[in-house]
Amino acid sequence: MMRIPTRLFVLIRPMNRSSASRTRPHPRRGGGRKHAEHRKDEEKADIVPRGTCSTMCPNSEVWQREAQNRLHRFEMLAGTERDRLPRADVTRVVKEYSRPAAGKDTTRASELRPPDVLLKTVCYLVDDIAANPKLQPWTEVYSFVFDRLRSVRQDMVIQRISGPDCASVLERTVRFLLYASYHLCGQPLRLYDPHINDTHLQESLSWLLECYAEGQHKHQDEFQALSLLYNLGSPQATQHALALPHKVRTSPPVQLALAVSRAYMERNPVRLLRLAQKLDFLQACALHRHLLSCRRDLLLLYNHGHSSKNCRFPIQKLADILSLEQSLAVQLCQAHGIQINGDWVVFSKGSFTESPSEGLQCAHMHKLVEDKQRGLSVGSIIHGIA
């Protein structure tokens with residue numbers, strides 16, 4: 001059972017006049033001095049720490065991790081990687097995330113980075129790590145950037161950073177996590193966990209939308225639309241979008257996202273996939289986790305509507321409706337138990353299988369998203385200048 005701290009219990013305990021008079025400190029017993037000290041402790045607890053660390057990683061952590069051989073290879077000084085204790089490149093070391101521990105002071109100003117340093121750190125992680133084609137595999141890049149972005153958000157929480165500085169960091173965080181959800185889809189669980197990525201994406205997106213509620217921001221239309229597309233079918237997300245200010249709600253990105261959401265709620269996969277063609281790359285990344293179920297619904301709809309021994313449906317036309325290459329459309333049909341006879345699809349109500357085989361993964365069906373990425377660099381996508 002959770003124990004209520006003594007100070008909190010005192011604050012919530014109902015008091016009548018007689019009990020109040022009994023608990024009033026007596027000056028001769030030294031209660032006044034204790035009461036004053038107690039108030040000073042409370043005032044100290046309410047003081048919000050302000051970071052003074054001017055580098056991406058505090059010096060104390062650099063020295064500690066160097067001595068403990070806990071530097072990531074992206075942080076090592078060139079030429080020392082094979083040494084017993086590689087040296088740190090202070091221009092590349094980034095503060096790592098650490099779980100809060102009992103007795104550990106996380107509010108030291110010298111170990112907290114102010115807003116401008118946090119934004120500089122995020123830009124470094126995007127430009128020099130995530131968007132660097134020389135750093136491979138990208139699963140390792142993702143793991144490193146994911147951890148360091150988590151540390152950035154931890155510093156923001158401790159300092160209670162809000163406003164434009166907070167939004168600028170969270171916008172890049174959300175774009176990175178959205179891109180990773182598409183780019184790493186289908187990777188082994190030991191290299192990429194979609195559930196963990198989703199949890200942090202939802203938390204960052206929720207925090208970002210709270211920032212937008214405090215005032216106007218340049219990219220608000222973009223992220224309100226991304227939130228709706230990522231959370232298709234969520235009544236809360238739809239209600240939130242419909243309650244947006246008129247200027248935001250009627251913006252082209254939000255209007256398109258609302259149309260996609262409406263098609264999804266109405267179980268109209270044909271219209272949804274047609275609207276998906278109008279989405280930009282990052283919007284398609286937000287939608288892509290729903291595409292497999294959407295295509296399944298479309299096949300189920302067509303399988304019932306065209307079920308006949310004498311009916312033949314052109315496979316190429318079905319592939320165009322599904323926004324897939326013909327070979328992948330054939331695989332998808334066969335995975336759902338639909339017969340393919342040459343260039344024709346033979347629909348039959350009794351043959352449809354709801355759950356496709358394990359061999360058919362979402363990663364194989366990315367053509368709709370891949371086509372939109374052409375000519376876009378990872379850096380421009382995450383910075384929002386695509």
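Residues numbered from 1 in each chain as written. Predicted model: local features only at pLDDT ≥ 70, side-chain atom pairs only at ≥ 80, totals over all residues. Heavy atoms only, no water.

The name given to the chain in an unreviewed UniProt entry is SAC3 domain-containing protein 1 isoform X1, with the source organism recorded as Astyanax mexicanus.

Moving on, we get to the environment of Val330. In this fold, Val330 is placed in helix H17 (residues 326-335). On the basis of relative accessibility, which here comes to 19%, the residue Val330 falls in the buried class. In the structure, Val330 is positioned 11 residues away from Ala319 in sequence and 8.2 Å away in space, judged by C-alpha atoms. (Helix = DSSP H or I, 4+ residues; strand = E, 2+ residues; numbered from the N terminus. Buried < 20%, exposed > 50% of the residue type's maximum accessible area, 1.4 Å probe, protein only.)

The subject of this paragraph is the pattern of salt bridges. Throughout the structure, instances matching the rule amount to 16 salt bridges. In this structure, Glu111 and Arg108 form a salt bridge, with 3.4 Å as the shortest nitrogen-oxygen distance. For Arg108, a relative accessible area of 45% corresponds to the partly exposed category. Between Arg175 and Glu222 there is a salt bridge, with the nearest N and O atoms lying 3.1 Å from each other. Of this pair, Arg175 sits in helix H7 (residues 164-183) while Glu222 is found in helix H9 (residues 220-230), placing the two residues 47 residues apart along the sequence. When its relative accessible area of 1% is taken as the criterion, Arg175 is described as buried. Salt bridges sharing partners connect three or more residues here, namely Glu61, Arg65, Arg70, Glu75, Glu96, Asp147 and Arg148. (Salt bridge = Lys/Arg side-chain N within 4 Å of Asp/Glu carboxyl O.)

Looking at the element boundaries, Val48 is found in the loop between helix H3 (31-46) and helix H4 (59-67). Between the C-alpha atom of Val48 and that of Gln159, which follows or precedes it by 111 residues, the distance is 5.9 Å. The contacts of Val48, once residues within four sequence positions are left out, are Ile158, Gln159 and Arg160. (Contact = heavy atoms within 4.5 Å.)

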